[in-house]
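Below are the chains, spelled out letter by letter.
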Amino acid sequence: MDENQKKPKSGQLKDKKVKITDPRRKRPRPDRVNVSRRSIDDPFKNILNQHRDNRIRVLMITGLIFGIIVIVSGISFLYGQWKLERKRQAHLNNLIAELENNARVIENRKGYEKNRAVVDALNTLARIRDFDSVNYRKWEADRQEYFNRISGTVPDPAKAENFINPVVLADMVYIPAGKFKMGKRPNEYGDKDELPRHTVTISHPFWMGRTEVSNAEFRRLFPHHHIRAWSKHRYVLDSPAQPVVKVDWHTAMAFCRMINEREKRAGRVPNGYEYRLPTEAEWEYACRAGTQTQYFWGNGFGKLAGKYANSLDMVSARIFGWEEAPGMTPNDGFRVSSPVSDFIPNAFGLHNSSGNVWEWCFDWYNPKAYSELPATDPAQTSPVECYLTKRKPFELGEYTIKTTCKVIRGGSWGNLPEALRSADRDYREPAYQNEAERNTGIGFRIVLAPEIK
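Residues numbered from 1 in each chain as written. Predicted model: local features only at pLDDT ≥ 70, side-chain atom pairs only at ≥ 80, totals over all residues. Heavy atoms only, no water.

The next point concerns the pairing of strand 10 (residues 406-409). The alternating pattern of strand 10 places Lys 406 and Ile 408 on one face and Val 407 and Arg 409 on the opposite face, and all of these are buried. The sheet contact formed by strand 7 (residues 358-364) and strand 10 spans three bridges and is antiparallel. Bridge pairing in strand 10 links Glu 359 to Arg 409. Inspection of the sheet shows strand 10 paired to strand 11 (residues 426-428) by three bridges, in the antiparallel sense. Counterpart to Ile 408 in the pairing with strand 11 is Asp 426. (Buried < 20%, exposed > 50% of the residue type's maximum accessible area, 1.4 Å probe, protein only. Helix = DSSP H or I, 4+ residues; strand = E, 2+ residues; numbered from the N terminus. Pairing = 2+ DSSP bridges.)

Turning our eyes to something else, we now look at helix 1 (residues 43-107). In this model, helix 1 (65 residues) spans 95 Å end to end at C-alpha, consistent with the 96 Å of a helix rising 1.5 Å per residue. For helix 1, the full list of buried residues reads Leu 92, Leu 95, Leu 99, Asn 102 and Ile 106. On its buried face, helix 1 is in contact with helix 2 (111-131) and helix 3 (136-147). (Expected span 1.5 Å × (residues − 1). Contact = heavy atoms within 4.5 Å.)

What follows covers unusual backbone geometry. The omega torsion across Leu 195 and Pro 196 is 0 degrees, close enough to zero to call that bond cis. Within the fold, Pro 196 resides in the loop between strand 3 (178-182) and strand 4 (198-202). Non-glycine residue Asp 377 carries a positive phi angle of around 45 degrees. Mapped onto the fold, Asp 377 is located in the loop between helix 9 (369-372) and strand 8 (385-391). On the basis of relative accessible area, Asp 377 is assigned to the partly exposed category, the value being 36%.

What follows is the structure in structure tokens.
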């Protein structure tokens, strides 16, 4: 062993491994061309991130736009509600002012005029109650208080005074006794059952409702009576001020009897008088109100009639697809029945004695009544068979039956001018056989008149 070589000490590695590099092995050379274009991230991941960021931006913008729309819509809605509330409050204030004016009028009047002012106040309160439903109970209590202020009077046939019936609040107009020519004139359009034209005497004064019985009046005794809107156009027939319809003769007479019983118990029915439907003679006498023309306003119809009567006008006929005729009113302002006191009254003060709705009479229909009944206070109290044309269901045509009928007078909102003549007569069965027969153009008017035995 060489002296220069030292022995390894104990604990030292005997051999030391030395990494020997092979000079023939080449090192990898960097890509000098693409080194500046390479990304440290995955390109596909970058594309996904960009799509995600775009979706977030779109959602944020959409949410912002939607939020703006919601805020603007909310502000618009609240502003609209504020305007509606202001309008509603203004209308309510006007009604309350009207009621206060009614109260002042009541304090300054007496008798019939005071009672009529109370009825006006009751009508105003009914409108307030229906409009301000939140305070319904308060207004109804006030209405009941006003109702109790109606002073019931005993009508006196010797005094030409009107009165308010306290049971249904009907305004009853005094009709004096007298004579008139009943039936159509020789050259007047009409049927032979309107002849012979003859003089009739109404020997006793009586009272007749100033208007047809309204829904409000009828519901005082028949509170559950309601009428569905008519036709596909949904025309209203059920408002408080419109005339009650779809009631048959028996129901109309029951209404009169109920009033009669209550007023007799209260001692407010004159001796020998009763509440009932008018006889045909009483009806024509009251409708004519001293005139002998075709209509109580004259012999013409057309535009003039639109001030006095609600009939089938040209506008309604075209809407409904119904028959038009010469002389029709161009437009009376109503498609169906109007409020009971909307048109100019006749000389007795009766509204809608022609038009609006047909009115049931007490009499049985007799085509020969004018030649068979007495000339003083005539009334057909016994039934007479007659031929009646009826419509089949589902517009399948017509058929004729022989039956007994009650008289209707006055014409309606669905009739041509000739049906509104003072002399015109028509008739229907006193009881409706089914719902389809319940007529939207037939109502009634009450009288306080001499008893018919």
